[in-house]
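Structural characterization, general
As a plain string of letters, each chain reads:
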Amino acid sequence: MENIPRMIWKEVRKVMETSGTIFEKVRLVDPVKSREIRITPEGTLKEDTSCFSYLNADVKCSNCSSIRAYHEGQTVAKTENMQDGIYQVLSKPISVTDADGHSAVYVMEMIAKTENKDDVKKHKTILVVEDQEINRSMIARLLQKDYDVLEASDGEKCLKILNENYAKISAIILDLIMPKMDGFAVLEYMAKDSRFANIPILVTTGERDYTSEKKCLELGAWDFISKPINKDTLLLRLHNIIGRSKVDTQEYEKYLAEHDRLTGLYNRNKFFEVTRWLLDSNPDKEYAFIRVDLDRFRLYNSFFGEEEGDTLLVYFANKIHDKVSKFGKSAFGRIESDIFGVCIEYKEEFIEELQHGIVEDLRDYNTAYYIEPSIGVYLIEDRKIPIESMYDRSSMAAEQCKHKFMAYIGYYNESMTKQLVIEQEIMNDAQKALDNEEFEVYLQPKTIIHTEECYGAEALVRWIHPEKGMISPGKFIPVFESNGFIGRLDYYMWDHTCKLLRNWIDEGLEPDPVSVNVSRANMYNPNLVFMLKSLLDKYDLPARFLQLELTESAFMDEPDMMIQKVQELQEIGFVILMDDFGSGYSSLNTLKDIPVDVLKVDMKFLGNGDGDGKSERILASVVRMAAWLNLVVIVEGVETKEQRDFLEGIGCEYAQGFYYARPMPWREYEAILKNMEIRHHVDGKQSDDNILLDKIWMTNPEMKRVFHVIMQAAAIFEYKEDTITLLQANKQFSDRFSIGDTSQDYLAKNNHLIPEYYIKQIYQSFEECVMNKAGAECDYLQLDDQGKSLWYHLKVQYITKGDNGYAILAFFHDVTQEKQLEREVQRFKAISATAGTALSKMLVVDDLEISRAVVAELFKDEFEVVEASNGLEALDVLEENGTNISIILLDMYMPVMDGAEFLRCKNKIKQYADIPVIIISAEDSENCQVDMLELGVNDYVTKPFVPEVVRRRVRNVLEYNSRFRDMQQEYRRNKNRK
C-alpha cells in the first residue's frame, strides 16, 4: 500500500471539514471491522457506530466500495441502491497518524444521496417549451406514462417555471421559434446561471438547419430532435441525456473532491496521489519535489483584503500551471493557503527557468508591493519514503531563503537529515524525560524599575538530561511545537509552578505572581480553561498568583476564538500577558479588541539602531500608548544599565533581563524570597489611617509595589459617613492636584473647584462602590489652579473595610481632549443630520468657563452650543449666527456687559427680539426675577441647578414658542382669507 496518501490526524480532520461542504456525509471508516472511526479533539482515533447504519442497512453492504479501496490502495466510486434511496459513495484509502504517532490505514468515504426512494417511484419531470398548443399537447401525451410534464408557451414563462422548479426538472424540451422570448434567448439565459448547468436541453427543430444547430450547441444544448416527433426517438434521446447528466454530476463531485475550489489545481491529497503515480510510472527518470510559497502573504492579505489575496493566488496558480506544463510529465497542486507543490523531472535548466519565471510573474503582478517567493527543492533520491516526507524536506529547504532579500531558492541537504535525526532523538527521550521529571522549573525575576524591587517571575523550562546534561530550550522547544508534544510540556510546567506557589504560600512567604507560557497548540485545546481551573482547584491557589503568557502570533490566526478564550480565562481571574509584542503583524490598534492585561516587549524590538533615535522614540510611544489603554508594559532582554535608565526615562514600569538576574533554579529563587524584607513596622502607636494602610498592604502585598509606579494619577481614600478622606497619593496625583491638608473631607475642601452636581456624582460613585464591594466610575468637571475647566474620568475600586470606614482605590484620567472631541463629533453629526437646513444652536452666556462647560456637556446631543463670556461678546455671536440661535441661556452678573444690559440691546434688534432667553444665575431674589421677566425672559433657573430641571425648562420654552408661532401663522392666514 505504498501509494496510499499519508496524513496526520489534523490534516484528515481539515480535509473532512472541507469536503463536508460538498457532500452530505464525509467520514472515516474501518471497512474490515465495518465501523466508523471518530477523531477526538485531542487526536485520538476511536471506533464508533457501524458504518452501514448511515445507509439504513442492517448488514454490511454487498460489494463494499471501501473494502475494495482498502485492498486495492486506490479511490473507488460506487452507486448503492438502498431501501430508502440511491447513494453515490466515493471511497479513498489513507494512512492516518494519530496524536501519539501511531499509524493505521482507513478509508475516507464521501457520500451523496442522489435520490430518495419516494423520488425513485415518482416520474421524472420534463419541461416542455413550445408556443403551438397542439404540438405541446402532443409531446405531453407521448411523455405522460413515463414522466411528469410541465408546460410553457414561450421563453418568459419557461424561465419563470425553471426558476421555481429547477431542482426537480430532469430535462427541457425546447422549441426555437417562439414569441416574446425565443429558444436562443432561453439558452443564453441558462448558460449564465450555474444552477442550470446540469439540466439537459433537447431542442426541437423543423427542417435541418446546421447553422442553428451549431449555435444551439455553443449555447449549451445537449441534443436535437426533428419535427414531427417520433415517440420512440423522443424517449430514447431523453433517456440518454438524463443518464448523461447523472454521470456528469458524479464526475463533478469527484472533481470537487480532488481539486482546490479556488484555483482549480489539484488539492493536497490528489497532488500527493498523482506525484506517487508519476514517480512509480517513471522509475528511470530523476525528479525534484518543489515547494513554492509567497513570503508575508498574510501581511499582503491584511493590506489589500482577502478578495485581492484570492485573486493573487489564482493568478499565481495559473502561472504555475502554464510553466510546469511545458516541462513534460509533471504534477502540481495547491497544498494549503499560499503554498503550492510541484513535481517535475530534475534538470537544472528546468529549475532555473521555473525560479526566474515565478519571480518575474510576481514582480509584474503588483508593482506597488514587492512579493517574493520561497522555493524549496528536494532532489528525490529515496522514492519509497511517503510523499508527505518529500514535502517536509522541501519545506525545510524553503526555510533557508525565507525573509532573505533576493534569496529565492534553497536545496535540501544531508545536514537537514542530521537535524531530523537529532529531532527524532529528542522525541525518543521526551516522554521518558517527562515521566522522570527531567524538566526543571527555572525562574527569571521581573523587576520594578522605579524601586529596583523584584516583583514576581517568569517560569522557564530547562531539560537536565541524565547523560547529555542541560539541553538548550532552543533545541527541544521548536521540535515539541512542531509535533504537538509542547502541549504536554506546558501542563507539566503549569502543574509544577502551581505546586511551588502553594508551598511558598504555606510557608508564609507571600510570593508575587509567576507567569507561565501557554503555547499556540494549547490555545487551540478546547479543554484549556478546564485544565487551568482544575490546577487552581487542585492546589487551592488564587488565580492572581498564576499569570499566563501568550505569544502575539497566537492572536493573529484565529482572533475571534482567541479573544473568547482569553475572556473566559480572565473571568476566572487570570492575568493575561502578550509575549513578544511587536515581533509579528499586530499593532496597538489591534489591542483595543484583544483583552490582554500586560504587554511584554523584547529589547530586540529596537533592533541594532541606526543612531537617529527612531527606534527609541517608537518604543517610548508604545509605552505611553499602552498606558493610555491601561496596559502594563514589561520590557525583557534588558542587559545594560543604559537600557535600564532609558526605560525608566520613558516611564516603563517593569523590566526583565540579565542586567537584573539570569533564569535560576527554583531553589535559588526561593532563597531570594526567604531573604526578602517583606515589611517594616514602626514602633509605637500608629494613626488610624496608617493602620488602614497597613491592612491594605497586608491584604494586597503587590499593590504597594504597583501603586507608586503606575503612570496614572491614583490615590487611596477612606470613605465614611458621606466624607472622603485622602490616605495616600502617588506622585502623578500629587503633581496634578494640590493635596494640602488631608485631614478634612477631600471634596468639601475642593467644592469651589468642582460644581455641586459633579460633587454629588462623585459621592454616588463612592457609595455604589462600597455597597457593591466592586468598582464604579463617573466623569466630572473641575477647575485647575489657572481657572481652566478640565474633565476627568474617575474610576474607583473597593479594597477593604477598616474600623471606621472603607478603603477605596481611585484612578483619575484626564479626558478633557476626549470630551472636546466628542462635542465636535456631536456637532458634526448634527450638521450632517440637518444638511441643507438651518442648524439649531444654543447660545450660553456666562463669565465662568466651568459653568459654560457644564451647560455645553448637558446639551451636546441636542444643540450646537456656542459660547460667550459677557454680554458684549454675546451680541457679536448673535450677529455671526443670526436667527440660527434657537435659545439663549444667560447669566446675570458678568464684566464688560451684564445680563440685563444685554437683554435691552437684544430686544432692540428686531431679528433677535423673539429669541427665547432663560436666566441661569446664583441671584435668587424675587425682585431680580421680576426685573428679568419684565425684560422679556422666558424662565429663570437658580444656581446650582439640577440638570433635569434645566433640560425641562428649555424644552418647555421651545415648545411654547413653537406653538405660539404656529398660532400667529394661522391667525395671519385666516386674516388674509377675509
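This structure is a prediction, so every number in the text was calculated from the model and none was measured.

Bringing the overall build of the chain into the picture now. The number of helices and strands found in the chain is 35 helices and 37 strands. Out of the 978 residues belonging to the chain, those deemed buried represent 48%. At a minimum sequence separation of 6, the contacts of the chain that also span at least 24 residues come to 61%. Accessible surface for the chain amounts to roughly 49800 Å². Of this, 49% is attributable to carbon and sulfur atoms.

Moving on, we get to the sheet that holds strand β11 (residues 201-205). Read from one edge to the other, the open sheet built from five strands follows the order β9-β8-β10-β11-β12, with strand pairing classed as parallel. This sheet does not close on itself; its edge strands, each paired only once, are β9 (147-152) and β12 (223-226). For this sheet, the mean inter-axis angle between neighbouring strands, taken without regard to orientation, is 25 degrees. Across the sheet, helix α4 (residues 133-143) touches β8 (124-129), β9 and β10 (169-175), and the angle it forms with β9 is around 170 degrees. Of the strands in this sheet, β10 and β11 touch helix α6 (residues 183-191), which is tilted by about 145 degrees from β10.

In a pair of packed helices, the angle between the axes and the distance between the axes together describe the arrangement. Following both chains from N to C, one finds helix α5 (residues 155-165) and α6 inclined at 30 degrees, their axes separated by 9 Å at the closest point. Here α6 runs roughly parallel to α5, going by the angle between their axes. Note that α5 runs across α6; the crossing there is right-handed. Mapping the contact onto sequence places G155, C158, L159, L162 and N163 in α5 and V186, Y189 and M190 in α6.

Attention now goes to the nonpolar core. Generally speaking, soluble globular proteins have nonpolar side chains that are buried together. Counting residues in each nonpolar core, the largest one holds 77 residues, and the members touching the most others are F439, F476, F480, L489, W504, F574 and L647. Looking at which element gives the most residues to this core, the answer is helix α16 (residues 486-506), with nine residues. Those residues within four positions of W504 in sequence are excluded, and the remaining contacts are L443, L509, E510, P511, V514, W666, Y669, E670 and L673. In terms of nonpolar packing, the next biggest core, distinct from the first, is built from 55 residues, I759, V815, V854 and V957 among them.

This paragraph deals with a negative patch on the surface. Negative charge collects at one region of the surface, where E286, E381, D382 and E414 lie side by side. Checked against the element boundaries, E414 lands in helix α14 (residues 414-435).

Right, let's get into the pattern of salt bridges. Applying the stated criterion across every chain, the model contains 39 salt bridges. Among the salt bridges present, the one from E353 reaches K326, with a minimum N-O distance of 3.3 Å. With E353 in helix α12 (residues 348-365) and K326 in the loop between α11 (306-324) and β14 (331-336), this residue pair connects regions lying 27 residues apart in the sequence. For E353, a relative accessible area of 40% puts it in the partly exposed group. Under the relative-accessibility criterion, K326 is labelled exposed at 56%. Where K600 meets E636, a salt bridge forms, and the shortest distance between an N and an O atom there is 3.3 Å. Taken together, the positions of K600 in strand β24 (residues 598-602) and E636 in strand β25 (residues 632-636) put the pair 36 residues apart, joining distant regions of the chain. The exposure classification of K600 matches that of E636, with both residues buried. Taken together, the shared-partner salt bridges in this structure form one network comprising K446, E458, E549, K600 and E636.

For the rest of this paragraph, the subject is unusual backbone geometry. Keep in mind that most residues, glycine aside, have a negative phi and that most peptide bonds are trans. For the peptide bond that leads from K227 to P228, omega is -5 degrees, which places it in the cis range. Turning to its location among the elements, P228 is positioned in the loop between β12 and α8 (231-258). Positioned with a positive phi, E510 is a non-glycine residue whose angle comes to about 50 degrees. Within the fold, E510 resides in the loop between α16 and β21 (514-518). Classification of E510 as partly exposed rests on a relative accessible area of 34%. One non-glycine residue, K773, adopts positive backbone phi at about 50 degrees. Within the fold, K773 resides in the loop between α28 (756-772) and β30 (775-783). Taking the relative accessible area as the measure of exposure, K773 reaches 52% and is therefore exposed.

What counts as what
- Residues numbered from 1 in each chain as written.
- Predicted model: local features only at pLDDT ≥ 70, side-chain atom pairs only at ≥ 80, totals over all residues.
- Heavy atoms only, no water.
- Helix = DSSP H or I, 4+ residues; strand = E, 2+ residues; numbered from the N terminus.
- Buried < 20%, exposed > 50% of the residue type's maximum accessible area, 1.4 Å probe, protein only.
- Contact = heavy atoms within 4.5 Å.
- Areas by Shrake-Rupley, 256 points an atom, 1.4 Å probe, with all protein chains shown as cover.
- Pairing = 2+ DSSP bridges.
- Axes fitted to C-alpha atoms, helices over the stretch in contact; angles between N-to-C directions.
- Parallel < 35°, antiparallel > 145°, perpendicular 65-115°, else oblique.
- Left-handed = near helix turned anticlockwise from the far one by under 90°.
- Core = buried A, V, L, I, M, F, W, Y, C linked by side-chain atoms within 4.5 Å.
- Patch = residues over 30% accessible without salt bridge, like charges linked within 9 Å, V, L, I, M, F, W, Y side chains within 5 Å.
- Salt bridge = Lys/Arg side-chain N within 4 Å of Asp/Glu carboxyl O.
- Lys, Arg positive; Asp, Glu negative; His and termini not counted.
- Charge placed at Lys NZ, Arg CZ, Asp CG, Glu CD.

Bear in mind that shape data such as this cannot, by itself, settle questions of function.
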